[in-house]
Number of protein chains: 2
Amino acid sequence: MSESTKVEVLAVGTELLLGQIVDTNSTWLSQRLSEVGLTCYFQGKVGDNLDRIVLAMRSALARSDVLIVCGGLGPTQDDITREAISVVANQPLISDRDLERLIQEKFTSKGREMPSNNLRQAQVPRGSQIISPDLGTAPGLIVPIGNKRIYALPGVPVEMKDMVDRCVIDDILLRVQDRSTISSRTLRIWGVSESRLSELIAPVFEELDQHPGNVTLAFLASGIDGIRIRITARVSSDQEADSVLSAYESSLREILGNLVYGVDNFGMEDALLDLLSKGNETLAIAESITAGLVASRLGRTPGISRVLKGALVAYNNQAKFDLLKVTNGLVISHECALEMAMGVRELFGSTIGLALTGVAGPDLQEEQPPGTVFVACAIGDHKPKSRKLMLPGNRISVQELAAISAMDFLRNSLIS
Amino acid sequence: MSESTKVEVLAVGTELLLGQIVDTNSTWLSQRLSEVGLTCYFQGKVGDNLDRIVLAMRSALARSDVLIVCGGLGPTQDDITREAISVVANQPLISDRDLERLIQEKFTSKGREMPSNNLRQAQVPRGSQIISPDLGTAPGLIVPIGNKRIYALPGVPVEMKDMVDRCVIDDILLRVQDRSTISSRTLRIWGVSESRLSELIAPVFEELDQHPGNVTLAFLASGIDGIRIRITARVSSDQEADSVLSAYESSLREILGNLVYGVDNFGMEDALLDLLSKGNETLAIAESITAGLVASRLGRTPGISRVLKGALVAYNNQAKFDLLKVTNGLVISHECALEMAMGVRELFGSTIGLALTGVAGPDLQEEQPPGTVFVACAIGDHKPKSRKLMLPGNRISVQELAAISAMDFLRNSLIS
């Protein structure tokens, strides 16, 4: 295998193709492979059918050097990954006595009788290496196919991950002579459309085009988390990666400024926690249209209790008038949002009040269409301010967009 | 296309192969396809690379009759699904004037200027049909390739789903001559472990084993939505399906009783809305550990404003004492939960108060470990009641399990 070792992942299981479970194994494997600099160009899913598994394995081995197969190693009749590998490798299945004993012991040590089915798991294609099943009963397999290899792993995530980290990654890397590191960094952005963003950073793309090399940029639209720009560098050391990624991050930040709210796993909630903590501020939130979504998103963040005093979900208008001292009148308005922000700040005795009111739909309210949202914040002695938003989508997407827009409105107010 | 029309799904995006996002689109598509009786034998993922997308499309069309491609239809340089289809279909990309106007209008109607990039989205392979982008700016495509077809859809889930339900499924079925109906019904269950549930319904499974035929049962563990039992029937008419599914639903309900909280898309929120409406009750919620999650989950349901007066997120203890009149003392306790339920009912003037307090983690609180949760409800003249729960997992899963457990606690209190 060369430095461009290509790894492919195949998930086996009819339940995947019926949509009964989400294939998170492949996603996790992708992350691990890219962390160690291995390339994955294709991934597939196939059901529990011998011919189709064999076909999928052969296609994969035609394109790639290494195939990692997840699933189909259990004890029941529909677990046929072993049989499929036996066909692809053109090697008969033989019983491995050591493995039989090992599986038997797993049951006796727990005082349980072993169903005879489980002996199927000791059948392996001749010439295979075995990965011992430390966490379950399904052994993994390493099967050479010419100068390529199949790694067969159980579909149970915890067992699969254990084998990958204990054995598979090292075994693949052992065979890679010379490899580069792939590192990436993701900037998280809110407050600009994908196409506008694309125009803004066109110069950076153009420069990349003129000097094609080891860095790529990609846009990832991620719904209520805004847009992400991923910078990926393929270089020879972690140190070099860090310096290349930092240089691109700086160029992008110079163009984008405060549109960047976070990097990698640092989300909007973390950005607010950070800003509020630094300013010794405390927050209270008045929510109508979002019914507690902003507070609950902040509540997911450990440490938020230092800055979040609480929230009032004034879903019913009477609660706005009685508890937030909103003037009786139209509630889908700048005025109502501003009064809610000031009212909730007083109610909880916080230094900052943030408020949202609007129409989630499906019906009009006060003659305003779904998607009409007013956000407001009241910070210390500053004049409270508000903004009107027109948000797209159905009830749930309006609520989610309203929540992150309000958080971003507060973030920008705290920065400026 | 025949009754055995084979549909394949290909997800496009380097971010999928780097493990940065989980491919939930394919899972959702699998569900929809199997619901209408269409077969999906293979699924794949490929990165934003023209040659590899073309290769993956060609492999898919060699095996299957219909290929649904998700992603790569955006306005930016790395969105190249249109180009790949143009190669596979051997048809040049041409600008569609109507589509240009439509995309232009999407911007002008919102008073925004259209970045010129977006015109790329009006480039379509000659001979394509267009699926109008009702929820976004990326049009979908229907491209005939001989007697097979490619459906190209945006990767943004809400836009993709809209096009599938509005157009793609019908378009595929129109071409299928003769098919049996696969219908399924899913019972949603809370309040019992998977293994206990499995024991309870063993008799129904045994009966199925003795009379194997066109009905299957499956367990689907679905985290914070509890456990689902899916009944699937493959029969010749919708009417027959309905009668078979109803018979099995009755058998299961007879065993499970109130453990069943909903069917199909009828969720815990809908169950509560239903019970509260029927009883002419109004609800107010006091949340500490969940920081608004219960209220926001209820807020997703249209019509909830009839019964939900509001919620108080008393994240800070002072808010519990000042606003909910909780007696100063330990807040991780039955007593505090009960006082919160009564306090929030009084604050909002509702007929019912529901409350949650507990430890989300990662740290201990009042010497109690993360996962310790107290829920309480106060209904009309009944004696308020509370329950202690010990929930597993990290901060976020504790919050989510606490939210649905509290809703189920209220549901059971309203039924009994």
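Data block above holds the structure.
My aim in this report is to walk through the structure given alongside it, one point at a time. Just so you know, these numbers come straight off a predicted model, no measurement behind them.

What to know about unusual backbone geometry
Here is step 1: In this structure, P362 of chain A follows G361 of chain A across a cis peptide bond, with omega equal to 5 degrees.
Here is step 2: Within the element layout of this structure, P362 of chain A appears in the loop between strand 15 (352–358) and strand 16 (372–379).
Here is step 3: Phi angles above zero are rare outside glycine, and D264 of chain B is one such case at about 55 degrees.
Here is step 4: Among the secondary structure elements, D264 of chain B is positioned in the loop between strand 12 (260–263) and helix 10 (268–278).

Quick look at the layout of surface pockets
Here is step 1: Volume-wise, the second largest pocket comes out at about 870 Å³.
Here is step 2: In terms of lining, the second largest pocket is formed by 30 residues, of which the most central are T216, L217 and R230 of chain A together with T14 and D48 of chain B.
Here is step 3: Elements supplying a minimum of two residues to the lining of the second largest pocket: helix 2 (24–35), helix 8 (202–210), strand 10 (215–221) and strand 11 (227–235) of chain A together with helix 1 (14–17) of chain B.
Here is step 4: Classifying every residue of the lining of the second largest pocket gives 13 nonpolar, 11 polar and six charged.

Let's talk about the interface of chain A and chain B
Here is step 1: Taken together, the contacts link 70 residues of chain A with 72 residues of chain B.
Here is step 2: Broken down residue by residue, the surface that chain A buries against chain B is led by L17, K45 and R300 of chain A, which jointly contribute 10%.
Here is step 3: At the surface where chain A touches chain B, the tally comes to two salt bridges.
Here is step 4: The shortest N-O distance in the salt bridge between E400 of chain A and R300 of chain B comes to 3.8 Å.

Points about the packing of helix 12 (residues 317–324) of chain B against helix 13 (residues 334–348) of chain B
All names here are of chain B.
Here is step 1: One way to put it is that helix 12 packs onto helix 13 with a least axis distance of 9 Å and a crossing angle of 50 degrees. As summarised for this structure, helix 12 and helix 13 are arranged oblique, according to the angle between their axes. Handedness of the crossing formed by helix 12 with helix 13: left-handed. Here K320, L323 and L324 of helix 12 come into contact with helix 13, specifically with C336, E339, M340, G343, V344 and L347.
Here is step 2: The residue inventory of the contact of helix 12 with helix 13, partitioned by class, reads six nonpolar, one polar and two charged.

Description of the sheet that holds strand 13 (residues 283–287) of chain A
Here is step 1: Read across the open sheet, the 10 strands follow the order 17(A)-16(A)-15(A)-13(A)-14(A)-14(B)-13(B)-15(B)-16(B)-17(B); overall the sheet is mixed. In this open sheet, the two strands that pair with only one neighbour each are strand 17 (385–390) of chain A together with strand 17 (385–390) of chain B. Put simply, the sheet's adjacent strands are angled 15 degrees from each other on average, direction ignored.
Here is step 2: Relative to the sheet, helix 13 of chain B contacts strand 14 (308–313) of chain A together with strand 13 (283–287), strand 14 (308–313), strand 15 (352–358), strand 16 (372–379) and strand 17 of chain B, its axis offset from that of strand 15 of chain B by approximately 140 degrees.

Focus on the pairing of strand 15 of chain B
Residue and element names in this part refer to chain B.
Here is step 1: Of all seven residues in strand 15, seven are buried, a share of seventy percent or more.
Here is step 2: Residues I352, L354, L356 and G358 line one face of strand 15 and the alternating positions G353, A355 and T357 line the opposite face, and both faces are buried.
Here is step 3: As paired strands, strand 13 and strand 15 are joined by five bridges and run parallel to one another. Looking at strand 15, one finds that L283 is bridged to I352.

Some details on the pairing of strand 7 (residues 140–145) of chain A
Residues and elements named next belong to chain A.
Here is step 1: For strand 7, the buried fraction is high: five of the six residues fall into the buried class.
Here is step 2: By the bridge criterion, three bridges tie strand 6 (residues 129–131) to strand 7 in an arrangement that is antiparallel. Along strand 7, the bridge assignment pairs Q129 with I142.
Here is step 3: Here strand 7 pairs with strand 8 (residues 148–153) via five bridges, running antiparallel. Looking at the pairing, L141 lines up with A152 of strand 8.
Here is step 4: Remark: two residues form the turn of the hairpin made by strand 7 and strand 8, two consecutive strands paired antiparallel; G146 in that turn has positive phi of roughly 60 degrees.

Observations concerning empty space enclosed by the protein
Here is step 1: Tallying each qualifying case throughout the model produces three cavities of 30 Å³ or more.
Here is step 2: Estimates place the volume of the largest cavity at around 220 Å³.
Here is step 3: Around the largest cavity, the lining is made up of 23 residues, and of these Q43 and R63 of chain A together with Q43, G44 and R63 of chain B lie nearest the centre.
Here is step 4: Within the residue set of the lining of the largest cavity, elements represented by two or more residues are strand 1 (7–12), strand 2 (42–46) and helix 3 (50–63) of chain A together with strand 1 (7–12), strand 2 (42–46) and helix 3 (50–63) of chain B.
Here is step 5: Taken together, the residues that form the lining of the largest cavity break down as 11 nonpolar, six polar and six charged.
Here is step 6: Taken as a whole, the second largest cavity encloses approximately 50 Å³ of empty space.
Here is step 7: In terms of lining residues, the second largest cavity is bounded by S296 and R300 of chain A together with T290, L293, I396, Q399 and E400 of chain B.
Here is step 8: The element best represented in the lining of the second largest cavity is helix 14 (residues 395–415) of chain B, accounting for three residues.

Structural notes on the nonpolar core
Here is step 1: Counting residues in hydrophobic clusters, the biggest one holds 44 residues, and the most contacted among them are L312, L324 and F348 of chain A together with L312, L324 and F348 of chain B.
Here is step 2: Secondary structure elements with two or more residues in this core: strand 13, helix 12 (317–324), helix 13 (334–348) and strand 16 of chain A together with strand 13, helix 12, helix 13 and strand 16 of chain B.
Here is step 3: Not counting the four nearest positions on each side in its chain, L324 of chain B is found in contact with A286, L312, A314, A319, E339, M340, G343 and V344 of chain B.

Focus on the pattern of salt bridges
Oppositely charged side chains are able to pair whenever their charged atoms sit close together.
Here is step 1: Evaluation of the coordinates by the stated rule reveals 33 salt bridges over all chains.
Here is step 2: Of the charged contacts, one joins D162 of chain A and R166 of chain A as a salt bridge, the two residues approaching to 2.9 Å between their closest N and O atoms. Of this pair, D162 of chain A and R166 of chain A both sit in helix 6 (residues 157–175), four residues apart, roughly one helical turn.
Here is step 3: In this structure, the salt-bridge partner of R185 of chain B is E249 of chain B, at a minimum N-O distance of 2.9 Å. Separated by 64 residues along the polypeptide, R185 of chain B in strand 9 (residues 181–189) and E249 of chain B in helix 9 (residues 238–256) bring together distant segments of the chain.

Criteria and cut-off values
Residues numbered from 1 in each chain as written. Chains lettered and ligands numbered in written order. Predicted model: local features only at pLDDT ≥ 70, side-chain atom pairs only at ≥ 80, totals over all residues. Heavy atoms only, no water. Helix = DSSP H or I, 4+ residues; strand = E, 2+ residues; numbered from the N terminus. 1 Å grid on protein atoms, 1.4 Å probe; cavity = no way out; pocket = protein on both sides within 12 Å on 5 of 7 lines; lining within 4 Å. Points joined across faces, edges and corners; volume = space filled by probe spheres on them. Nonpolar A, V, L, I, M, F, W, Y, C, P; charged D, E, K, R; others polar. Contact = heavy atoms within 4.5 Å. Buried area = accessible area lost by both parts, 1.4 Å probe. Salt bridge = Lys/Arg side-chain N within 4 Å of Asp/Glu carboxyl O. Axes fitted to C-alpha atoms, helices over the stretch in contact; angles between N-to-C directions. Parallel < 35°, antiparallel > 145°, perpendicular 65-115°, else oblique. Left-handed = near helix turned anticlockwise from the far one by under 90°. Pairing = 2+ DSSP bridges. Buried < 20%, exposed > 50% of the residue type's maximum accessible area, 1.4 Å probe, protein only. Core = buried A, V, L, I, M, F, W, Y, C linked by side-chain atoms within 4.5 Å.

The quantities given are spatial measurements derived from coordinates; they are silent on function.
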